[in-house]
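# Per-entry structural report
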Amino acid sequence: MDPVLAIFLIIAVSMIVGVCAFFAGVQYRKKVGEDKIGSAETEAQKIIEEAQRSAEATKKEAVIAGKDEAHRLLTNAEHEITDRRKEMQRQERRIQQKEESVEKKLDSLEKKEEAVSQKLKNAEQRLEEAEKIKQSEFEMLEKISGLTSEQAKAYILNNLDNELSHEKAVKIMEFQQKTREESEKTAREIVSLAIQRIAADHVSESTVSVVPLPNDEMKGRIIGREGRNIRAIETLTGVDLIIDDTPEAITLSCFEPVKREIAKVTLEKLIADGRIHPARIEEMYEKAKREVDFIIKSEGERAIIEAGVNNMHPELVKLLGRLHFRTSYGQNVLDHSLEVAYLAGIMASELGLEPTMARRAGLLHDIGKALDHEIEGSHIEIGVDVARKYKESELVVHAIHAHHGDVEAKTIIACLVQAADAISAARPGARRENLENYIKRLEKLEEVASSFNGVERCFAIQAGREVRIIVKPEVVKDDSMVLLARDICKKIEDEVAYPGQIKVNLIRESRAVEYAK
């Protein structure tokens, strides 16, 4: 047989067998599906029947439960109705009892009212009897005393008035004494507190100015040929130059401190420049004048800033600056005015007053001293005129007028300025000591400083406010300078009585000198 044909036959037979198998499988699946459908319908029918039976049972149970619940609710309602009936019966009994109680109280009140009415009638009868007795007593007293009731009343009131007047006078005197003691105690506390809060050193060294010279030859140059230089200086500045045997120094003498300061600055500039002739003197004088004017303005502005005063006329500021060069009993007047301003402000604050006006009055109280060398009259009169001229308030003007008692102080500010001025002038160290005590204090300072090992020389300068000490460099090293200064300060504090504070200034210097040949 042909192989190809055999292959085709095999393929055809395979296809026929496959188709038969396919149809056989389909018929089998159909039969299986029909069997399953039949069993499912049977199962569904069973489930439906069971559900119907279960629903019937549930329905019966629900009906039974509903009947039980209805019976229970009915029972509860009956119980509640019974309880409410009992409660209403109790309330009715309680109300009935209260009504009975109220009726009893009403009966009692009626009885009491009748009793009170009876007592009132009795009281009225007794009052009438008392009035009759009182009237008869008055008539008897009038017969015995020989005075009518009006006369007796006037007599008693007169005696009472005299007694009360005496008692009142005694009480007033006691109150015044107590008030005076308390006010004095308070015043002392306020003044002591103000003094404790002010610690300043305002002593001026001298009322004349001394200009140091590099050498005595400079004296001749200042005098000039036939004295033309010294005459030019004195004519321009209005200051007397005292050239005597004092080595390397010239003394300037003038009552007007600003002129003396201008002359001092002029001479210092001339000495530093070295060219001294009339034209140069005029040039240096103008420069010195501008410089001093600037210092005056700066010091015045500093004073009003430190005193906390504002809105002051520029001319008053300049006058305050002039007080920087003015001294009174050795006390710098500007520093004294600032101190008075501080003290017056502190005391005003302690008394519950506005301190600004007190500080303003204290700062301006001695303003007349800036012009007392130029205008006739006391510094108080000049100060009052100046303050009024530059529109200061009458409160400040009155404080200036009254600060030395020329007029009676009529305001608290004026009294405070008086007290502050007295405190500033009288406190220890404020004014110049007598010469003997001053010299003793300077000698004591130098003695204390010289007692330490390593001190070569010492000088008390600045009116005893500074001790300048030169130590031996081979004995005192740099690291022990601070300890030595502290020891000297402690010994000065223990052994010397002095106002203010003292500056201890130690100087150590080593020099090496060689010559090139």
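Predicted model, so just to flag it, every value in this text is computed and none were measured. Sequence positions are assigned chain by chain, starting from 1 and proceeding in written order. Local features in this predicted model are restricted to residues of pLDDT 70 or higher, and side-chain atom pairs are both shown and tallied only at a pLDDT of 80 or more, whereas totals for entire chains, interfaces and linings draw on every residue. Only hydrogens and water are set aside; all other atoms, that is, all heavy atoms of the structure, feed into the side-chain values.

Working definition: helices are DSSP H or I runs of at least four residues, strands are E runs of at least two. Numbering for both runs from the N terminus. Helix and strand content of the protein: 14 helices and eight strands. Partly exposed describes any residue whose relative accessible area lies between the buried limit of under 20% and the exposed limit of over 50%, with all areas from a 1.4 Å probe on protein chains only and scaled to the type maximum. A burial count over the protein gives 29% of its 517 residues as buried. About 35500 Å² of surface is accessible on the protein, with carbon and sulfur atoms providing 55% of the total. Note on areas: these come from Shrake-Rupley sampling with a 1.4 Å probe, and a residue is covered only by the protein chains present in the view.

Phi is positive for Glu226, close to 55°, though the residue is something other than glycine. Secondary-structure assignment places Glu226 in the loop between α3 (217–223) and α4 (228–237). Residue Glu226 is classed as exposed on the basis of its relative accessible area of 71%. One non-glycine residue, Asn311, adopts positive backbone phi at about 55°.

This part takes up the pairing of strand β1 (residues 209–212). Going residue by residue along β1, you find Ser209 and Val211 tucked away on one face and Val210 and Pro212 left uncovered on the opposite face. Only when DSSP finds a minimum of two bridges between them are two strands counted as paired. Bridge count between β1 and strand β3 (residues 249–253): four bridges; the pairing is antiparallel. Paired with Ser209 across the two strands is Leu252, which belongs to β3.

Bringing a negative patch on the surface into the picture now. Here a patch means residues that are over 30% exposed by relative accessible area and free of salt bridges, tied together within 9 Å if like-charged and within 5 Å if nonpolar (Val, Leu, Ile, Met, Phe, Trp, Tyr). Salt-bridge detection follows one rule: a side-chain nitrogen of Lys or Arg within 4 Å of a carboxyl oxygen of Asp or Glu. Charge convention: Lys and Arg are scored as positive, Asp and Glu as negative, and His as well as the terminal groups of each chain are ignored. The location of each charge is read from NZ of Lys, CZ of Arg, CG of Asp or CD of Glu. A cluster of acidic residues, Glu99, Glu100, Glu103, Asp107, Glu110, Glu113 and Glu114, forms a negative patch on the protein surface. In this structure, Glu99 sits in helix α1 (residues 3–145). Owing to a relative accessible area of 47%, Glu99 belongs among the partly exposed residues under this scheme.

A few words on the nonpolar core. Only buried residues count toward a nonpolar core, which is a set of Ala, Val, Leu, Ile, Met, Phe, Trp, Tyr and Cys residues joined through side-chain atoms within 4.5 Å. One finds Met312, Leu320 and Leu363 to be the most contacted residues of the largest nonpolar core, which totals 42 residues. Sorting elements by how many residues they give to this core places helix α8 (residues 333–350) first, with nine residues. Contacts are residue-level and defined by heavy atoms, with any inter-residue pair within 4.5 Å sufficient. Here Leu320 is in contact with Gly300, Ile304, Met312, Leu334, Leu363, Leu364 and Ile367, once residues within four sequence places are set aside. Counting 21 residues, the second largest nonpolar core, distinct from the first, contains Val448, Phe452, Met481 and Leu484.

Within the open sheet, the three strands sit side by side as β6-β7-β8. Their pairing is mixed. Unpaired on one side and paired on the other, β6 (455–461) and β8 (503–507) mark the two borders of the sheet. On average, adjacent strands in this sheet sit at an angle of 20° to one another, irrespective of strand direction. Looking at chain direction, β6 and strand β7 (residues 466–471) are connected through six bridges and run antiparallel. From the neighbouring strand, Val455 faces β7, where its bridge partner is Val471. Here an axis means a line fitted to C-alpha atoms, over the contact stretch when the element is a helix, while the angle between two N-to-C directions is reported on a 0 to 180 degree scale.

Here we take up the packing of helix α9 (residues 355–364) against helix α11 (residues 394–402). Packing of α9 against α11 brings their axes to within 9 Å, and their N-to-C directions diverge by 45°. Relative to α11, α9 is oriented oblique. Between α9 and α11 lies a crossing whose hand is right-handed. Contacts from Met357, Arg360, Ala361 and Leu364 in α9 reach Leu395, Val396, Ala399 and Ile400 in α11. The scheme is simple: roughly parallel for angles under 35 degrees, roughly antiparallel for over 145, roughly perpendicular for 65 to 115, oblique for anything else. Each crossing gets its handedness from the near helix: less than a right angle anticlockwise from the far helix is left-handed, clockwise is right-handed.

As a further point, take the sheet that holds β1. Taken in spatial order, the three strands make up an open sheet running β1-β3-β2, and their pairing is antiparallel. Pairing within the sheet leaves two strands with one partner each, and these edge strands are β1 and β2 (240–242). Sheet twist, expressed as the average angle between the axes of neighbouring strands with direction ignored, equals 30°. Each of β1, β2 and β3 is contacted by helix α5 (residues 257–273), which is oriented at about 5° to β1, the strand it contacts most.

Attention now goes to the packing of aromatic side chains. In this scheme Phe, Tyr and Trp rings, the latter by its six-membered ring, pair at centre separations within 6.5 Å, and the angle between planes marks the pair as stacked below 30 degrees, edge-to-face above 60, and tilted otherwise. For the coordinates displayed, the defined rule picks out zero aromatic pairs. Criterion for a charge above a ring: Lys NZ or Arg CZ within 6 Å of the ring centre, and within 35 degrees of the ring normal. Sitting over the ring of Phe452, Lys491 keeps its end group 5.4 Å from the ring centre.

Let us now look at helix α14 (residues 481–495). An ideal rise of 1.5 Å per residue puts 21 Å on 15 residues; α14 measures up with 21 Å between its terminal C-alpha atoms. Within α14, the full set of buried residues consists of Met481, Leu484, Ala485, Ile488 and Ile492. Angularly, the buried residues of α14 cover 100° about the axis, an arc narrow enough to put them on a single face. Those residues of α14 that are exposed and angled more than 90 degrees off the buried face are Val482, Arg486, Lys490, Glu493 and Asp494. To estimate the expected span of a helix, subtract one from its residue number and multiply by 1.5 Å. The arc under discussion is defined with respect to the helix axis, by the directions toward the C-beta atoms.

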